[in-house]
Amino acid sequence: MDIYSCALDQTGLHEMKHCSNFTGGHMIMADSFNTSLFKQSFQRVFAKDAKNEFKMAFNARLEVKTSRELKLSGAIGPVTSMNQKGGNVADTELGCGGTSAWKICSVYPTTTVAILFEVVNQHSAGIPQGGRGSIQLITHYQHSSGQQRVRVTTIARNWADASINISHISAGFDQECAAVLMARIAVYRSENNDGPDVLRWLDRMLIRLCQKFGEFNKEDPNSFRFSENFSLYPQFMFHLRRSQFLQVFNNSPDETAYYRHCLVREDMTQSLIMIQPILYSYSFNGPPEPVLLDTSSILPDRILLLDTFFHLLIYRGATIAAWIKQNYHELPDHENFRQLLQAPIDDAQDILVTRFPLPRYILTEHEESQSRFLLSKVNPSQTHNNTYYGGQQDGGAPVFTDDVSLQVFMEHLKKLAVSNSS
């Protein structure tokens, strides 16, 4: 069931969210049915591929088979249980559990499902080392051409003893995938628990990960080190904690339902953009480049392009905005400036062509009201309480907030990770 909610007022999207979430339908939210956001998103629902066939499938059934050491805890995504019991179904449910098969009413090229497993007998009997754990995914679906299709995916991984071969486990850690999975689990838990409890659970899980895979001396925070494939994970958790998925203040229930709906079904790349948005910089100092999602990146002579998945924002610094007001870009001897202004617009258009649903497009400048969309996402390393953080006395834009910065967050995390009492 698709829901198109286009109004400035609340339409009850929060109350109707299960209609889309459980059937694999779309959920589109806009201010009006006359906006390009709705019109283009609606057109893309019926997009066709090179064979002139709709990019969708129907009546899908996902069945999961496992080796005896693994059991299914559940699935998080646009699924409903088919109540298929078996020996590989875990007693402890997380997500849509109690089954080894799920119904997905409609499937699209970007549809993803998070499947959660439990390792059995890992403490009592133990897993025979050198063996392999296997997972098989069997997907039946009806293609838009009318064909009935079956896709079978089988994977196997070596078992490793965490007490002996911790390096083997850490080498296989995918921090981007782990961050998206944790975000989905956190969203699922927040639907059933209070927000602060979910944040405390996220903190506990992050501290345990640091204690398990970090290298440090006891009671010495400065000695803490993470290997390269763990290095970005704490900052993903930092931005997840601040995101609209868990911080519902200043968002309506309908908006929260829409944001969470997109997170639990998009692929890993798009989900990661939702958790930690991408920030690009355009200036006369060189070609466009990605920069830190930080207040220090907001400089007067820069143009920034922020991609949060839900918003595409072009921010012009104070100097750039002043030059535009003086019409420098219209003078023939300022062609470079005109090209600089056009570059982020062209890049934003490239994103708009492929993104579904269509993001809200915002063009703003220094001290305009809509620059708040940028200021709310950047790491507040410079605030009204701490303008000269890190000795940087020029550049950057202080943010009026009491939120802790990533630097403070990491300092506290290291202290808790190396502490004997935690």
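Please refer to the structure higher up on the page.
Residues numbered from 1 in each chain as written. Predicted model: local features only at pLDDT ≥ 70, side-chain atom pairs only at ≥ 80, totals over all residues. Heavy atoms only, no water.

Participant: Account for the environment of L406, with residues named and values stated.
Facilitator: Following the sequence through the fold, L406 ends up in helix α12 (residues 406-418). The contact partners of L406, leaving out residues within four places of it in the chain, are Q235, F238 and N379. (Helix = DSSP H or I, 4+ residues; strand = E, 2+ residues; numbered from the N terminus. Contact = heavy atoms within 4.5 Å.)

Participant: How would you sum up the pairing of strand β1 (residues 3-6)? Please name residues and give values.
Facilitator: Where β1 meets strand β2 (residues 27-30), four bridges bridge the pair, whose relative direction is parallel. From the neighbouring strand, I3 faces β2, where its bridge partner is M27. A crossover connection joins β1 to the parallel β2 through helix α1 (residues 13-21); in handedness this β-α-β unit is right-handed. (Pairing = 2+ DSSP bridges. Right-handed = clockwise from strand over helix to strand, strands pointing away.)

Participant: Explain the sheet that holds strand β12 (residues 278-283) to me, using residue names and the numbers behind them.
Facilitator: Spatial ordering of the open sheet is given by β13-β12-β14-β15-β16, a layout of five strands whose pairing is mixed. Since the sheet does not close on itself, it has two edges, and those belong to β13 (286-290) and β16 (360-365), each with one partner. Along the sheet, successive strands turn relative to each other by an average axial angle of 15 degrees, direction set aside. In terms of strand pairing, strand β14 (residues 303-307) meets strand β15 (residues 311-316) through five bridges, oriented antiparallel. Residue L304 lies in a different strand from β15, and its bridge partner there is Y315. Of the strands in this sheet, β12, β14, β15 and β16 touch helix α10 (residues 335-354), which is tilted by about 175 degrees from β15. (Axes fitted to C-alpha atoms, helices over the stretch in contact; angles between N-to-C directions.)

Participant: Now, about helix α7 (residues 253-263): what can you tell me, with residues and values included?
Facilitator: Judged by how many residues are buried, α7 sits mostly within the fold: nine of 11 residues are covered. Where α7 is concerned, the buried positions are D254, T256, A257, Y258, Y259, R260, H261, C262 and L263. (Buried < 20%, exposed > 50% of the residue type's maximum accessible area, 1.4 Å probe, protein only.)

Participant: Before we move on, could you go through the pattern of salt bridges and cite the residues and values that matter?
Facilitator: Counted by the stated rule, this structure contains 10 salt bridges. A salt bridge links R260 to E191; the shortest N-O distance between them is 3.2 Å. Of the two residues, R260 sits in helix α7 while E191 sits in helix α4 (residues 175-192), which places them 69 residues apart along the sequence. On the basis of relative accessible area, R260 is assigned to the buried category, the value being 9%. By relative accessible area, E191 is classed as partly exposed at 36%. In this structure, K325 and E365 form a salt bridge, with 3.4 Å as the shortest nitrogen-oxygen distance. Here K325, found in helix α9 (residues 318-325), pairs with E365, found in strand β16; they are 40 residues apart in sequence, far enough to count as distant. Judged by its relative accessible area of 62%, K325 falls in the exposed class. Classification of E365 by relative accessible area gives buried; the value is 15%. One continuous salt-bridge network, built from bridges that share partners, spans K17, E191 and R260. (Salt bridge = Lys/Arg side-chain N within 4 Å of Asp/Glu carboxyl O.)

Participant: Go over the pairing of strand β4 (residues 70-76), please, and point to the residues and values.
Facilitator: A regular strand carries its side chains on alternate faces of the sheet. Most of β4 is tucked away: six of the seven residues are buried. The pairing of β4 with strand β7 (residues 114-119) spans six bridges and is antiparallel. Counterpart to A75 in the pairing with β7 is I115.

Participant: Got a sec to walk through α1? Specific residues and values, please.
Facilitator: Quick reminder: α-helices carry 3.6 residues per turn. Residues three or four places apart thus point the same way. Every buried residue of α1 is accounted for by L13, K17, S20 and N21. The arc enclosing the buried residues of α1, seen along the axis, measures out at 85 degrees, which places them on a common side. Looking at the buried positions of α1, the neighbouring elements they touch are β1, β2, α4 and α7. (Arc of directions from axis to C-beta.)

Participant: Give me the side chain of H311: which residues, what numbers.
Facilitator: Structurally, the position occupied by H311 is in strand β15. Classification of H311 as buried rests on a relative accessible area of 14%. Ignoring sequence-local partners within four residues, the contact set of H311 consists of Y259, L306, P359, R360, I362 and F373.

Participant: Tell me about the packing of aromatic side chains, and name the residues and values.
Facilitator: In total, this model carries 21 aromatic pairs according to the counting rule given. Between F224 and F226 the ring centres are 5.2 Å apart and the planes differ by 70 degrees, which places this aromatic pair in the edge-to-face class. Ring pairs connect the aromatic residues F173, F213, F216, F224, F226, F230 and Y233, which therefore count as one cluster. Between K48 and the ring centre of F54, over which it is positioned, the NZ or CZ distance is 4.9 Å. (Phe/Tyr/Trp six-rings, centres within 6.5 Å; stacked < 30°, edge-to-face > 60°. Lys NZ or Arg CZ within 6 Å of the ring centre and 35° of its normal.)

Participant: Quick rundown of the packing of α4 against helix α8 (residues 268-275)? Include the residues and the values.
Facilitator: The contact between α4 and α8 brings their axes to 10 Å, and the two run at 70 degrees. The orientation of α4 with respect to α8, classified from their angle, is roughly perpendicular. The chirality of how α4 crosses α8 is left-handed. Across the interface between the two elements, E176, C177, A179, V180, A183 and R184 from α4 touch M268, S271, L272 and I275 from α8. Along the lines of polarity and charge, the residues of the contact of α4 with α8 split into seven nonpolar, one polar and two charged. (Parallel < 35°, antiparallel > 145°, perpendicular 65-115°, else oblique. Left-handed = near helix turned anticlockwise from the far one by under 90°. Nonpolar A, V, L, I, M, F, W, Y, C, P; charged D, E, K, R; others polar.)

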